[in-house]
Amino acid sequence: MTTPVSFPHIPPADRPITFQESIRWCRRVCRRSNSNFYSSFALLDSRRRQAMIALYAFARITDDLADAPTAAATGHLQLAQWKASLLAELSEVRPASEVVDPSAPGNSLHDYRFLWPALQSCVQQFGIPLPLLLELVDGVISDLTPQIPANWPALDHYCYQVASTVGLACTHIWKRTAEIPEQAVLDCGKAFQLTNILRDVAEDAKRGRIYLPADQLQQYGVSQTAWLDCVASHDTSAGPPRTQRFGSKSHDGQHPGACMPDGDWRALIDATANRAYALFDSGWNTKPFLTNRSQRMFSLIWHTYRDLLHEIVSHKEQLWSTSKIRLSYLHKSKLLFAHAVPRGEPKR
């Protein structure tokens, strides 16, 4: 979990936090996240880069509140307080009487107050609709009591809440004109989240979670119980947190001693990947609507996720190993270098 970032000199409680103090705090949150994409923010102009830093810090904290060790017991309350704080800081709505004021000293979320000036500026400058951020929180709340989605529409709704909402918010920052290709952005977010879900099947199973639709498991003869028990039987550790918005491989692609699910699980992975590939193709249509520098950042993220999906499909047996499938450092460095040069990014 990302712990609250402190300053050497905390502003007095009776003095408002300045924008510069807020953006420095958000930048520290981003750096501590160890995300591959923080470096991609450098592709943007200063105004958009600061907005992305604030937006990413908000999304990172929201996700981490659900991943905290005590989330099972306190996550619902903390996220309710977080949502109330979002409403209080970015709208005229004040926290309901039954919800403890999250900005009050002594509240567990009090140290996160440094986020708000930067996020307020981001939302106001780029016209990001507040409901997008609220729906992201709702999606994270749903992860505290996860249920296997019944079908593709149910999974699509989850992907919309935890990924497409962020994509739409980013597009408000990146866009060249007032127009937003909404369907392309929605599809792109779903493609990214399906890639995350496929990458993290074993990690999620360790925590008793399956994100692939129940009707698809049934169609391919995959038992939910076997899917979960298989992972538990070969790794008893609690494992890291749930799916998020590649380790080394043996020569034959197998992990020694790895247990595999029953049924035609490989065909299930391939079918899900094919669905994601189609969404990637649709999502690429977002690019022409963005500023030149924003196009480079979008292209870097799009190619990184799509290349990751290709690695997953090519080495699907490794999904059940203890190390994640990852793009190599060299591969990621080449992508970053190609996008750092104007007009140097790879074509679709």
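Here the structure is shown first, and the text comes after it.
Criteria and thresholds
- Every chain is numbered independently, its residues counted from 1 as its sequence is written.
- Totals for whole chains, interfaces and linings use every residue, but because this is a predicted model, local features are given only for residues with pLDDT of at least 70 and side-chain atom pairs only at 80 or more, for both listing and counting.
- The basis for the side-chain values is all heavy atoms of the structure; hydrogens and waters are excluded.
- We call Phe, Tyr and Trp rings a pair once their centres come within 6.5 Å, taking the six-membered ring for Trp, and we label the pair stacked below 30 degrees between planes, edge-to-face above 60, and tilted otherwise.
- Only DSSP runs of H or I with at least four residues qualify as helices, and only runs of E with at least two residues qualify as strands; both kinds are numbered from the N terminus onward.
- Each residue's exposure class comes from its accessible area (1.4 Å probe, protein chains only) as a fraction of the maximum for that residue type: buried when under 20%, exposed when over 50%, partly exposed otherwise.
- The term salt bridge refers to a pairing of a side-chain nitrogen on Lys or Arg with a carboxyl oxygen on Asp or Glu at a separation within 4 Å.
- Note that patches include only residues with greater than 30% relative accessible area and no salt bridge, and the join distances are 9 Å for like charges and 5 Å for nonpolar side chains (Val, Leu, Ile, Met, Phe, Trp, Tyr).
- Residue burial considers only the protein chains on display, and all accessible areas are found by Shrake-Rupley using a 1.4 Å probe.
- Counting rule applied: Lys, Arg positive; Asp, Glu negative; His and chain ends not counted.
- Charge placement uses NZ in Lys and CZ in Arg. For Asp and Glu, CG and CD serve respectively.

Here we look at the packing of aromatic side chains
Taken as a whole and judged by the stated rule, the model has 17 aromatic pairs. Arranged with centres 5.9 Å apart and planes meeting at 15 degrees, the rings of F58 and W82 form a pair that is stacked. Separated by 24 residues along the polypeptide, F58 in helix 2 (residues 46-67) and W82 in helix 3 (residues 71-90) bring together distant segments of the chain. When the ring of W227 is compared with that of W320, the centres are 4.9 Å apart and the planes differ by 80 degrees; the resulting orientation is edge-to-face. W320 carries the same exposure label as W227, and that label is buried.

A word on the pattern of salt bridges
This structure, assessed with the given rule, holds ten salt bridges. Notably, a salt bridge pairs K324 with D200, separated by 3.4 Å at the nearest N-O pair. Overall, K324 belongs to the buried group, its relative accessible area being 18%. Using a relative accessible area of 0% as the deciding quantity, one classes D200 as buried. In this structure, a network of salt bridges that share partners links the residues R199, D200, E203 and K324.

Here's the deal with a positive patch on the surface
On the surface, a cluster of positive charge is contributed by R24, R28, R31 and R32. With respect to the element layout, R24 can be found in helix 1 (residues 19-32). For R24, a relative accessible area of 39% translates into the label partly exposed.

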